[in-house]
Amino acid sequence: MIQRRLRRTARAAPVLAFGGFTVAAACAPGDGGASAAGEASATADGGTAVSFPAVPPDGPMPEIGSAPESYTPTAAGAPSTDIWVAALVREGGALSIPDAGRATDRDGYDNQPSFLLDGSAILYTSAVDRTQTEVARLAEPGASERLTHTAEASEFSPLQIPGQDAFSAIHEIRGRQYLWRYALSGDPVGPIFSTAEPVGYHAWANEHIVAMFILGDPPTLQVADALTGEIEVVAERPGRSIHRIPGTEEISFVRKVSDDEWWIERLDPVAGTTERITRTLPGREDYAWTPEGEIIMGDGGRLYARSEGSDWTEIADFSDLGVGGITRLAVSPDGARIAIVANRPEG
């Protein structure tokens with residue numbers, strides 16, 4: 001069984017600005033930065049943040065040889081997408097998104113956004129060319145900074161690690177996909193696990209427990225401990241959208257029961273038990289949580305929200321702005337902003 005030392009700590013909420021919005025960022029339990037990637041730091045409860053081992057705890061990394069002849073870099077099939085940012089407005093308990101603006105605007109793959117845990121910027125995947133992607137940082141619309149510079153490798157799905165000034169990302173090299181750690185500056189720290197592969201997507205339940213989508217036939221959802229290296233399969237046929245449920249140390253994921261039956265489920269990583277929350281919008285698997293517990297999904301150029309006990313309700317229609325094919329979503333830790341990934345118009 002996985003060793004689990006779940007802990008929540010309280011941290012002050014800094015005042016931050018992003019894209020013209022000035023807000024007090026509310027950090028989720030267990031979120032915040034350590035003094036340096038992999039180093040312990042003091043927490044509000046008098047303890048210390050978790051420090052990962054310098055080498056993967058599940059064993060030495062295997063030698064990565066030449067790529068298979070059939071290998072095609074994931075970046076080669078990536079669509080051309082933009083990230084939009086908008087204010088998420090709550091009035092009388094109802095959500096609305098009055099307007100949205102492009103945060104990235106170029107031909108190429110700008111995708112997979114996630115907010116830093118203090119809400120000050122967005123990490124995202126940015127295509128360098130048709131064979132390579134890197135992690136970039138977006139502090140405000142149009143102000144993008146490339147963080148990683150990894151020769152022969154691509155990075156995907158960046159996500160800040162709770163309790164560290166570091167982020168994790170999928171490191172793809174010559175046909176192999178591992179979960180790696182990087183300083184917030186983009187400097188690589190190294191692999192987190194050596195036996196979990198190929199990793200497609202992931203989400204942190206707390207400072208050291210992570211849920212990973214592992215590619216395969218069928219794909220599986222696996223829970224792993226970055227301190228001990230213990231890994232176990234908890235579900236089959238998950239979707240790519242995996243998130244920590246705000247205010248908890250539980251994970252939500254989409255389970256694809258059949259081609260036309262997809263459910264968002266709740267996973268308790270301690271007990272390994274799951275519970276159904278709601279059906280997804282038909283054929284849609286990307287979603288995000290608000291701090292208040294609503295789930296937001298996109299369909300075409302529209303966004304829909306659902307709270308416990310209610311049905312999906314349309315909260316925005318961006319079709320007039322040319323927004324279409326909405327996929328990935330991310331909500332800021334304070335719930336004031338939303339990042340939206342949409343396809344670029346053809347032609």
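Owing to the predicted nature of the structure, the values given are computational and were not obtained by experimental measurement. (Residues numbered from 1 in each chain as written. Predicted model: local features only at pLDDT ≥ 70, side-chain atom pairs only at ≥ 80, totals over all residues. Heavy atoms only, no water.)

**Regarding the environment of A305**
Piece 1. The topology assignment puts A305 in strand 25 (residues 302-306).
Piece 2. The class for A305 is buried, based on a relative accessible area of 9%.
Piece 3. For the pair A305 and W289, spaced 16 residues apart in sequence, the C-alpha separation works out to 9.4 Å.
Piece 4. Among residues more than four places away in sequence, those in contact with A305 are L95, I295, I296, D311, W312, T313 and I315. (Helix = DSSP H or I, 4+ residues; strand = E, 2+ residues; numbered from the N terminus. Buried < 20%, exposed > 50% of the residue type's maximum accessible area, 1.4 Å probe, protein only. Contact = heavy atoms within 4.5 Å.)

**Some remarks on the sheet that holds strand 21 (residues 261-268)**
Piece 1. Here 4 strands make up an open sheet; going across it, the order is 19-20-21-22 and the pairing antiparallel. On the outer flanks of this sheet lie strand 19 (243-244) and strand 22 (273-279), each paired with one strand and no other.
Piece 2. As paired strands, strand 19 and strand 20 (residues 251-258) are joined by 2 bridges and run antiparallel to one another. If you follow H243 over to strand 20, its bridge partner there is S252. (Pairing = 2+ DSSP bridges.)

**Some details on the nonpolar core**
Piece 1. Counting residues in hydrophobic clusters, the biggest one holds 20 residues, and the most contacted among them are I97, I296, L303, F318, L329, I338 and I340.
Piece 2. Here the element with the most residues in this core is strand 28 (residues 337-343); it accounts for 3 residues.
Piece 3. Not counting chain neighbours up to four residues away, the residues in contact with L329 comprise D286, Y287, A288, I296, M297, G298, L303, I338, A339 and I340. (Core = buried A, V, L, I, M, F, W, Y, C linked by side-chain atoms within 4.5 Å.)

**Some points on the confidence of the model for the chain**
Piece 1. On average, residues of the chain score 87 in pLDDT, and 85% of them reach the 70 mark or higher.
Piece 2. Overall, residues 1-48 carries pLDDT values under 50, and its contacts beyond four positions in sequence, including any with other chains, amount to 141 contacts. (pLDDT = per-residue confidence, 0-100.)

**Considerations on the packing of aromatic side chains**
Piece 1. Counted according to the given criterion, the structure contains 4 aromatic pairs.
Piece 2. Ring plane angle 10 degrees and centroid distance 5.1 Å describe the contact between F167 and Y182, whose orientation is recorded as stacked. Taken together, the residues F167 in strand 12 (residues 166-173) and Y182 in strand 13 (residues 176-183) connect sequence positions 15 residues apart. For the residue pair F167 and Y182, the accessibility class agrees, reading buried in each case.
Piece 3. Grouped by ring-pair contacts, the aromatic residues F167, W180 and Y182 constitute a single cluster.
Piece 4. A cation sits over an aromatic face here: K256 above W262, 4.3 Å from the ring centre. (Phe/Tyr/Trp six-rings, centres within 6.5 Å; stacked < 30°, edge-to-face > 60°. Lys NZ or Arg CZ within 6 Å of the ring centre and 35° of its normal.)

**Details of the pattern of salt bridges**
Piece 1. Under the defined criterion, the tally for this structure stands at 22 salt bridges.
Piece 2. With its nearest N and O atoms 3.4 Å apart, the salt bridge here joins E236 to R237.
Piece 3. On the accessibility criterion, R237 (42% relative accessible area) is partly exposed.
Piece 4. Here R302 and D317 are joined by a salt bridge, their closest N and O atoms 3.2 Å apart. Here the residue R302 occupies a position in strand 25, and D317 occupies one in strand 26 (residues 313-317), the gap between them amounting to 15 residues.
Piece 5. Classification of R302 as partly exposed rests on a relative accessible area of 32%. (Salt bridge = Lys/Arg side-chain N within 4 Å of Asp/Glu carboxyl O.)

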